[in-house]
Amino acid sequence: MKVKGEARERIIQTAAYLFQLQGYHATGLNQIIKESGSPRGSVYYHFPKGKEELAIEAVKYTGKYIEEQLKESMAKSSDPVEAIQHFISVTANQFNDPEHIEGIPVGLLASETALISEPLRCTCVEVFKNWADIFADKLMQYGYDKEEAEELGMTINSMIEGGIMFSLAHKDKEPLLRISNQIPYILRKKG
């Protein structure tokens, strides 16, 4: 017996992977159907509004996946520098096998669709904010005031997203590692 939602999850995971690998515009519903092994009708049943609705769900799925990684990294150390560097290291190590990087399509989809899909753009903004808020929460626990923590959280998240783009372009994790080396300078020690 199949678990309810299993087909839907498989479709979302496949879409997230294909959007990451080839982009929103180069990925068609027929390819998602084929790669996920799902019947054509199940895609239209679960996503009656089509590709845009599926892309929104893929971004939310990826957002939750990265949120869990962020939370795990933030729990590794009480020192935000060490915790953030741990997250960047985990992210950078994915570039050892670029074909299997997970959690990248949010930035790619945002840059590719921001001017043509308001619902998708808003979903990307929400996901980026959730990630930045996790950094900000860690910084507030360490003694930063809310305003500074939120500004730094957004800055760190933006740096990591930019580092991911550089790493993708270079097929090398070095840009992310360089960003990691800058974290102690950006987060002045409180005390």
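Residues numbered from 1 in each chain as written. Predicted model: local features only at pLDDT ≥ 70, side-chain atom pairs only at ≥ 80, totals over all residues. Heavy atoms only, no water.

A. Local environment of the overall build of the protein chain. The helix and strand tally for the protein chain stands at nine helices and zero strands. The globule rule puts the C-alpha radius of gyration for 191 residues at 16 Å, and the 18 Å found for the protein chain is close to it. The principal-axis extents of the C-alpha atoms in the protein chain amount to approximately 60 × 40 × 30 Å. Residue burial in the protein chain is summarised as follows: out of 191 residues, 45% are buried. (Helix = DSSP H or I, 4+ residues; strand = E, 2+ residues; numbered from the N terminus. Rg over C-alpha atoms; globule rule 2.2 N^0.38 Å. Buried < 20%, exposed > 50% of the residue type's maximum accessible area, 1.4 Å probe, protein only.)

B. Representation of the pattern of salt bridges within the structure. Applying the stated rule across the entire model yields eight salt bridges. The partner of Glu150 in a salt bridge is Lys146, with the nearest N and O atoms 2.4 Å apart. Of this pair, Glu150 and Lys146 both sit in helix 8 (residues 146-170), four residues apart, which is roughly one turn of that helix. You can call Glu150 partly exposed: its relative accessible area is 36%. One salt-bridge network, held together by shared partners, links Arg8, Glu57 and Lys60. (Salt bridge = Lys/Arg side-chain N within 4 Å of Asp/Glu carboxyl O.)

C. Local environment of the packing of aromatic side chains. In total, this model carries three aromatic pairs according to the counting rule given. Here the aromatic rings of Phe19 and Tyr24 are separated by 5.6 Å at their centres, their planes lie at 35°, and the arrangement is tilted. Residues Phe19 and Tyr24 agree in their burial class; the two are buried. On the basis of an interplanar angle of 70° and a centroid distance of 6.1 Å, the ring pair of Phe87 and Phe135 is categorised as edge-to-face. Note that Phe87 is positioned in helix 5 (residues 80-93) and Phe135 in helix 7 (residues 118-141), a separation of 48 residues in sequence. Across the pair, Phe135 and Phe87 agree in class, each one buried. Against the face of Tyr24 rests Lys51, its NZ or CZ located 4.4 Å from the ring centre. (Phe/Tyr/Trp six-rings, centres within 6.5 Å; stacked < 30°, edge-to-face > 60°. Lys NZ or Arg CZ within 6 Å of the ring centre and 35° of its normal.)

D. Local environment of the side chain of Ser42. You can see Ser42 is positioned in helix 3 (residues 40-46). One polar contact links the side chain of Ser42 to the main-chain carbonyl oxygen of Pro39, over a distance of 2.7 Å. (Polar contact = N/O pair within 3.5 Å; in protein donor to acceptor, adjacent residues only side chain to side chain.)

E. Up close: the packing of helix 8 against helix 9 (residues 174-186). Where helix 8 contacts helix 9, the axes come no closer than 8 Å and their chain directions differ by 160°. Considering the angle they form, helix 8 stands roughly antiparallel to helix 9. The crossing of helix 8 and helix 9 is right-handed. Taking contact as the criterion, the partners of Leu152, Ile156, Met159, Ile160, Gly163, Ile164, Phe166, Ser167 and His170 in helix 8 are, on helix 9, Pro175, Leu176, Ile179, Ile183 and Ile186. The residue inventory of the contact of helix 8 with helix 9, partitioned by class, reads eleven nonpolar, three polar and no charged. (Axes fitted to C-alpha atoms, helices over the stretch in contact; angles between N-to-C directions. Parallel < 35°, antiparallel > 145°, perpendicular 65-115°, else oblique. Left-handed = near helix turned anticlockwise from the far one by under 90°. Contact = heavy atoms within 4.5 Å. Nonpolar A, V, L, I, M, F, W, Y, C, P; charged D, E, K, R; others polar.)

F. Structural detail: helix 5. Compared with the 20 Å implied by 1.5 Å per residue over 14 residues, the 20 Å span of helix 5 between its first and last C-alpha is a close match. Those residues of helix 5 lying buried are Pro80, Val81, Ala83, Ile84, Phe87, Ile88, Thr91 and Ala92. If you check the start of helix 5, you find a side-chain oxygen 2.9 Å away from the backbone N of Val81, and it comes from Asp79. (Expected span 1.5 Å × (residues − 1).)

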